[in-house]
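Chains, contacts and geometry: an overview
If you want the building blocks of each chain, they are given just below.
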2 protein chains.
Amino acid sequence: MAEPNLFGGIEAGGTKFLCGVADENGVVLDQIRIPTTTPDETLSAASAFFARAQGRHGPLAALSIGSFGPLSLRATAPDYGSITSTPKVGWSQIDLLGHFRQTLDVPMALDTDVNCAAVGELLFGSGRGLDTFCYVTIGTGIGVGLLIGGAPHGGANHPEAGHIRLPRAVGDQAFDGICPFHGDCLEGLASGPAIRARWGVPAEQLAPGHPAWGIIADYVAGLCASLTYIVRPDRIIIGGGVMQPVNMHEQVRASLERQLAGYDSSVAGLDMNTYVAAPSAGDSAGLTGALAMAYRMITRQWPMHWAIGAQQNAASTLAKVS
Amino acid sequence: MAEPNLFGGIEAGGTKFLCGVADENGVVLDQIRIPTTTPDETLSAASAFFARAQGRHGPLAALSIGSFGPLSLRATAPDYGSITSTPKVGWSQIDLLGHFRQTLDVPMALDTDVNCAAVGELLFGSGRGLDTFCYVTIGTGIGVGLLIGGAPHGGANHPEAGHIRLPRAVGDQAFDGICPFHGDCLEGLASGPAIRARWGVPAEQLAPGHPAWGIIADYVAGLCASLTYIVRPDRIIIGGGVMQPVNMHEQVRASLERQLAGYDSSVAGLDMNTYVAAPSAGDSAGLTGALAMAYRMITRQWPMHWAIGAQQNAASTLAKVS
């Protein structure tokens, strides 16, 4: 590339939008944190940020957005590029790509927040050196991103693996689940709001010895078992608020090992301590992943050389804006 | 390619091995059906076939095998290329690739029978024109092949999606399931042997109005729901002996629609009649898929030009040998 290219990224979350501009070496030149209020307010602030950043640093080569969903990601769909039906008030049927196309004439891509976080883990975290892995977040919702053959998996649309159904855990038949569509799908049973609905307190207030943790671990491990038998990943990375209060990774590993029951031999050979891992790319994994996806749109490859510089840079800059 | 290339394929099944040699245009020059007896006998007959075929038609450029499993498919595994632990007596820890490497010095690949059948469907059947789809077989076992982005999905090893666990169907709590590893995983509940163990007769002898069909349809649809939310395929193709006796595809579609419950909008927009389909590439889909995988090993692309010629050819030749 003769001219220096600049890349824009957005991590669009339910509470905040992180927007950033990075150069070819992953140095974050400009960054902002915008509270998620109304689409008008939040998206206008994001557009204004990129206009200012371009005035200061030069034109963007590409923009990539990692967003909460559900999203319409099939290029041929009439609502391609939009958030579709989200419980987040005011944000249903919001045309994210369309908004930014009004002011930016560059190649643009939209993917899920979890796929962008997975890319962040691929470059700087627990996904380094892996070909195929799952990135799971257990929080307000249950989301799953898939890196398959080193690339984010889309298919006909993005995965919604939080909505699979699993056998009910032993002694857990009474609670109906809170998913408005499926009742007792995984998200209806094991997400943060499901925990609060069932036990009356948020996950972070449940005592470490509370029986809830064993039940939640069984459900999360059930998801891991299905991901194992369907996707056959090299690793499953699990983050999110519900995984924080107690040593959930250890409980999930033990339950997963029981559920897989040694079948088949390649599964029996898995080291659970590395197979089920926590994220390690830091809080800015989603934004960094989005920036890396913008880079890849132009260069057709991941910016493996960003690894250390971008991580330190993003971490220090984020500290300033948050 | 200056020299004409010849491609070898094997569909390695529990009852028969189909071996074939095709030219660049998908014309099957030679073909044989070998009963699956002992590994020594069956594999020697297969090697002898390829030796004869090469004597007659010239050297092979590549050989591809689609086999029953479980298989070890990770190139770095010590038992790479082998059948691992199979219930089929005498066939555990059999080094398939190793056997053929003794007599053939050409690029070789091994994949699952279901991935090869999926490739057959991609070229000549219900997968034509699709980017991402699942090929499911409900029979002696429950197998799933995945074509993702137009290529067979492997991951750390091949999928074993027949072994996922699902909620038990209403009124179906008493039967423990027959999977020696998991008990009531999907294969333990809905495979041909599970049906025989529970209702005392093989699937083909169950009356069309038997309540078993509704239960089996719910489990197969449960698999489809998990595949939908995790893989987001364009289509799910379902074949196998258990799907034959009654109009199971119709029952699976109805149950799947109930289970997905309209979430999310891209799922709500699916036409179940095309989303859940029967295979249509014929009985030789597995062999043709293996031949196509050998072709792709050399040319890096699928032989889309084989479509009509190869299908007719394979069908007519198969009639002779079976």
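An unreviewed UniProt entry lists chain A under the name fructokinase, with Caulobacter rhizosphaerae as the source organism. As recorded by UniProt, the Catalytic activity (unreviewed entry) comment attached to chain A reads in full: "D-fructose + ATP = D-fructose 6-phosphate + ADP + H(+)".

**Some words on the sheet that holds strand S10 (residues 151–152) of chain A**
Within the open sheet, the five strands sit side by side as S10-S9-S8-S11-S12 (chain A). Their pairing is mixed. The outermost strands of the open sheet, each flanked by one partner alone, are S10 and strand S12 (276–277) of chain A.

**Describing the relation of the copies chain A and chain B**
Laying chain A over chain B is done by rotating through 180° and shifting 0.0 Å along the axis; what remains is an RMSD of 0.0 Å. The operation mapping one copy onto its partner corresponds to a two-fold rotation axis. Rotation axis and chain A: the residue whose C-alpha lies nearest the axis is Pro167 of chain A, separated from it by 2.0 Å. Of all interface residues in chain A, 100% are interface residues in chain B too; the two copies therefore contact each other through one and the same surface.

**Let's talk about the packing of helix H6 (residues 212–231) of chain B against helix H7 (residues 248–260) of chain B**
Helix packing for two helices is described by the angle between their axes and how far apart those axes are. Residue and element names in this part refer to chain B. The geometry of H6 relative to H7 is characterised by a closest axis approach of 8 Å and an angle of 55° between their N-to-C directions. Comparing their axes, H7 and H6 come out oblique. The handedness of the crossing between H6 and H7 is right-handed. Across from Trp213, Gly214, Ile216, Ala217, Asp218, Val220, Ala221, Gly222, Cys224, Ala225, Thr228 and Tyr229 in H6, the residues of H7 making contact are Met248, Gln251, Val252, Ser255, Leu256, Arg258, Gln259 and Leu260. Looking at the contact of H6 with H7 residue by residue, the classes come out as twelve nonpolar, six polar and two charged.

**Describing the pattern of salt bridges**
Under the counting rule described, the total for this entry stands at 18 salt bridges over all chains. Notably, a salt bridge pairs Arg198 of chain B with Asp172 of chain B, separated by 2.1 Å at the nearest N-O pair. Residue Arg198 of chain B is located in helix H5 (residues 192–199), and its partner Asp172 of chain B is located in the loop between strand S10 (151–152) and helix H4 (186–190); the two are separated by 26 residues in the primary sequence. The exposure class of Asp172 of chain B is buried, given its relative accessible area of 4%. We note a salt bridge from Glu250 of chain B to Arg253 of chain B, for which the minimum N-O separation is 2.9 Å. Note that Glu250 of chain B and Arg253 of chain B are positioned in helix H7 at a spacing of three residues, about one turn of the helix. Look at Arg253 of chain B and you get buried, because its relative accessible area is 13%. Here the salt bridges share partners, and the residues they tie into one network are Arg165, Arg168, Asp172, Asp184 and Arg198 of chain A.

**A few points about the pairing of strand S1 (residues 6–12) of chain A**
Residue and element names in this part refer to chain A. Across the seven residues of S1, seven count as buried, placing the element largely inside the fold. By the alternation rule, side chains of S1 split into Leu6, Gly8, Ile10 and Ala12 and Phe7, Gly9 and Glu11, which are all buried. Where S1 and strand S4 (residues 60–67) come together, seven bridges link them in parallel fashion. Each residue of the ladder has a partner; that of Glu11, found in S4, is Gly66. As paired elements, S1 and strand S2 (residues 16–22) share six bridges and run antiparallel to each other. Residue pairing across strands places Glu11 opposite Leu18, the latter belonging to S2.

**Remarks on the packing of aromatic side chains**
Residue and element names in this part refer to chain B. Applying the stated criterion across every chain, the model contains 16 aromatic pairs over all chains. Note on Phe68 and Trp91: the rings are 5.9 Å apart at their centroids and 65° apart in plane angle, and the pair reads as edge-to-face. In this pair, Phe68 sits in the loop between strand S4 (60–67) and strand S5 (82–83) while Trp91 sits in the loop between S5 and strand S6 (94–95), placing the two residues 23 residues apart along the sequence. Judged on exposure class, the residue Phe68 and its partner Trp91 are both buried.

Conventions and cut-offs
Residue numbers run consecutively from 1 along every chain, following the written order of its sequence. Chains and ligands are labelled sequentially in the order written, the chains with letters from A and the ligands with numbers from 1. In keeping with the model being predicted, local features are shown solely for residues with a pLDDT of at least 70 and side-chain atom pairs are shown and tallied solely at 80 or more, while totals for entire chains, interfaces and linings include all residues. Excluded from the side-chain calculations are hydrogens and water; all other atoms, namely the structure's heavy atoms, are used. UniProt positions are given in the numbering used here, feature names are shortened, and annotations may be inferred rather than shown by experiment. When DSSP finds two or more bridges between two strands, those strands count as paired. Numbering of helices and strands runs from the N terminus, with a helix taken as a DSSP run of H or I at least four residues long and a strand as a DSSP run of E at least two residues long. All copies are superposed by least squares; the fitting set is the C-alpha atoms of residues with a pLDDT of at least 70 in both. Here, two residues are considered to be in contact whenever any of their heavy atoms come within 4.5 Å of each other. Orientation is described by axes fitted as lines to C-alpha atoms, over the contacting stretch for helices, and by angles from 0 to 180 degrees between their N-to-C directions. In these notes the angle categories are as follows: under 35 degrees is roughly parallel, over 145 is roughly antiparallel, 65 to 115 is roughly perpendicular, and the rest is oblique. In this scheme the handedness of a crossing depends on how the near helix is turned from the far one: anticlockwise by less than a right angle means left-handed, clockwise means right-handed. Residues are grouped as follows: Ala, Val, Leu, Ile, Met, Phe, Trp, Tyr, Cys and Pro are nonpolar; Asp, Glu, Lys and Arg are charged; every other residue, Gly included, is polar. A pair is scored as a salt bridge if a Lys or Arg side-chain nitrogen falls within 4 Å of a carboxyl oxygen belonging to Asp or Glu. Exposed residues in this analysis have more than 50% of their type's maximum accessible area, buried residues have under 20%, and partly exposed residues fall in between, with area computed by a 1.4 Å probe over protein chains only. Classification of ring pairs rests on two measures: the distance between centres of Phe, Tyr or Trp rings, Trp counted by its six-membered ring, which must be within 6.5 Å, and the angle between planes, read as stacked under 30 degrees, edge-to-face over 60 and tilted in between.

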